[in-house]
Amino acid sequence: MIISAAMLVRMTDTGTDRASDTASGPASAYGPSGGAEPPDAERSPRISRLEWGLVEAEGLAPGKDFVLYPGGGHPWDWAVHGTRHSPGVQPGDVRELLERGATVVVLGLGMDERLAVAPPTLELLRQAGAEVHVKETRAAAALYNTLAAAGRPVGGLFHSTC
């Protein structure tokens, strides 16, 4: 299934966001992998296309998995912090989002929700006072785009396959 930016916004507006939040609280892509500047260096780049195995975000080359934050983003290399489907997203994966100014964090669990989030990761986000949303990737992308369009300092991790 291909999801366009318009569909992502529509999914959020019509309440088709089926996954629930689990926590809340107060080169050629940018970032460590290289890159170009987004139109507004402080704004979180929006996701323009999402389908199985493909994410496209403003100002970035297409890729499979992404780290997005206020002012930029880059492909998400799971090997950097030892991320696996289980135990899941690692604290090091989200630390960059916080360091780059995200106060809202959206974590995409994959299209089939096979990616977990390690408990220490949620604890780190709680201690940082971040507002956290953990959702199936399509729902996560829709929410992320809504927050980015509203000018919120949002960061996210997006896994585009299982």
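Within each chain, residues carry numbers counting from 1 in the order of the written sequence. A pLDDT threshold of at least 70 governs which residues receive local features in this predicted model, and a stricter bar of 80 or more applies before side-chain atom pairs are shown or counted, although totals over entire chains, interfaces and linings include all residues. Here the side-chain values reflect all heavy atoms present in the structure, with hydrogen atoms and water set aside.

Quick notes on the overall build of the chain
Short version of the rule: Numbering of helices and strands starts at the N terminus; helices are DSSP runs of H or I of at least 4 residues and strands are runs of E of at least 2. Per-residue accessibility, obtained with a 1.4 Å probe over protein chains only, is compared with the maximum for each type, and a residue is labelled buried under 20%, exposed over 50%, and partly exposed between these values. For every accessible area listed, the method is Shrake-Rupley and the probe measures 1.4 Å; residues are considered covered only by the protein chains on display.
Secondary structure assignment for the chain yields four helices and eight strands. Taken across its 162 residues, the chain has 51% of its residues classed as buried. When the accessible surface of the chain is totalled, it reaches about 7100 Å², and 53% of it is carbon and sulfur.

So, the pattern of salt bridges
If charged atoms from side chains of opposite charge come close, those side chains can pair. Quick note on the threshold: Counted as salt bridges are all cases of a side-chain nitrogen of Lys or Arg within 4 Å of a carboxyl oxygen of Asp or Glu.
Enumeration over the complete set of coordinates arrives at seven salt bridges. Among the ionic pairs, Glu 51 bridges to Arg 49, the shortest N-O distance being 2.6 Å. Looking at Arg 49, the relative accessible area reads 29%, which means it is partly exposed. Through salt bridges with shared partners, a single ionic network connects Arg 49, Glu 51 and Glu 56.

Description of the sheet that holds strand 5 (residues 72–75)
The strands making up a sheet associate through backbone hydrogen bonding, with each pair oriented either parallel or antiparallel. Applied cut-off: Criterion used throughout: strands pair if DSSP finds at least two bridges between them. Note on method: axes are straight lines fitted to C-alpha atoms, helices fitted across the in-contact stretch only, with angles between N-to-C directions ranging 0 to 180 degrees.
Pairing is mixed in the open sheet, where five strands are placed in the order 5-4-8-6-7. At either end of the open sheet lies a strand with only one pairing partner, and these are strand 5 and strand 7 (131–135). Going across the sheet, the axis of each strand differs from the next one's by a mean of 10°, ignoring polarity.

Examining the pairing of strand 7
What counts, and what does not: Whether a crossover is right-handed comes down to one check: with the strands pointing away from the viewer, does the path from the first strand over the helix to the second run clockwise; if it does, it is right-handed.
The buried count for strand 7 comes to five of five residues, which makes it a mostly enclosed element. Residue alternation in strand 7 divides its side chains into two sets, Glu 131, His 133 and Lys 135 and Val 132 and Val 134, and both sets are buried. Pairing between strand 6 (residues 104–108) and strand 7: five bridges, direction parallel. Across the sheet, the residue bridging to Gly 108 is Lys 135, located in strand 7. Note that the unit made of strand 6, helix 3 (residues 119–127) and strand 7 has a crossover that is right-handed.

Description of the pairing of strand 6
The side chains of a regular strand alternate between the sheet's two faces. Counting buried positions over the five residues of strand 6 gives five, a clear majority of the element. Neither face of strand 6 is left uncovered, since the one carrying Val 104, Val 106 and Gly 108 and the one carrying Val 105 and Leu 107 both have all their residues buried. Looking at chain direction, strand 6 and strand 8 (residues 154–159) are connected through four bridges and run parallel. The residue of strand 8 that forms the bridge with Val 105 is Gly 155.

As for the packing of aromatic side chains
Our working rule: The pairing test for Phe, Tyr and Trp rings, Trp by its six-membered ring, is centres within 6.5 Å, and the orientation test on the planes gives stacked under 30 degrees, edge-to-face over 60, and tilted for anything in between.
Considering all chains together, one arrives at two aromatic pairs under this definition. For the pair Tyr 144 and Phe 158, a centre-to-centre distance of 5.2 Å together with 75° between the ring planes defines the contact as edge-to-face. Of this pair, Tyr 144 sits in helix 4 (residues 137–149) while Phe 158 sits in strand 8, and the two are 14 residues apart along the sequence. With respect to burial, Tyr 144 and Phe 158 carry one shared label: buried.

Details of the side chain of His 159
Just so we agree on the cut-off: By the criterion applied in these results, polar contacts are pairs of N or O atoms within 3.5 Å in which, for protein atoms, one can donate a hydrogen and the other can accept it, and in which residues neighboring in sequence qualify only through two side-chain atoms.
By the element assignment, His 159 lies in strand 8. His 159 gets classed as buried once you look at its relative accessible area, which sits at 1%. Among the polar contacts listed, one links the side chain of His 159 to the side chain of Asp 65, at a separation of 3.0 Å.

Quick notes on helix 4
The line we're drawing: Expected helix span is given by 1.5 Å per residue-to-residue step, counting one fewer step than there are residues.
Over its 13 residues, helix 4 extends 18 Å from the first C-alpha to the last, a length consistent with the 18 Å expected when each residue adds 1.5 Å. Those residues of helix 4 lying buried are Thr 137, Arg 138, Ala 139, Ala 140, Ala 141, Ala 142, Leu 143, Tyr 144, Asn 145, Leu 147 and Ala 148.

Structural notes on the confidence of the model for the chain
The criterion, for reference: pLDDT is a per-residue confidence score from the predictor, ranging from 0 to 100. For this analysis, residues touch if any pair of their heavy atoms sits within 4.5 Å.
Scored by pLDDT, the chain has a mean of 82; 75% of the residues are at 70 or more. Note on residues 1–39: pLDDT under 50 across the span, and 94 contacts to partners over four residues away in sequence or across chains.

Looking at unusual backbone geometry
The linkage connecting Ser 86 with the following residue, Pro 87, adopts the cis geometry, with an omega of 15°. With respect to the element layout, Pro 87 can be found in the loop between strand 5 and helix 2 (91–99). The backbone of Glu 113 sits at a positive phi, close to 55°, despite the residue not being glycine. Among the structural elements, Glu 113 can be located in the loop between strand 6 and helix 3.

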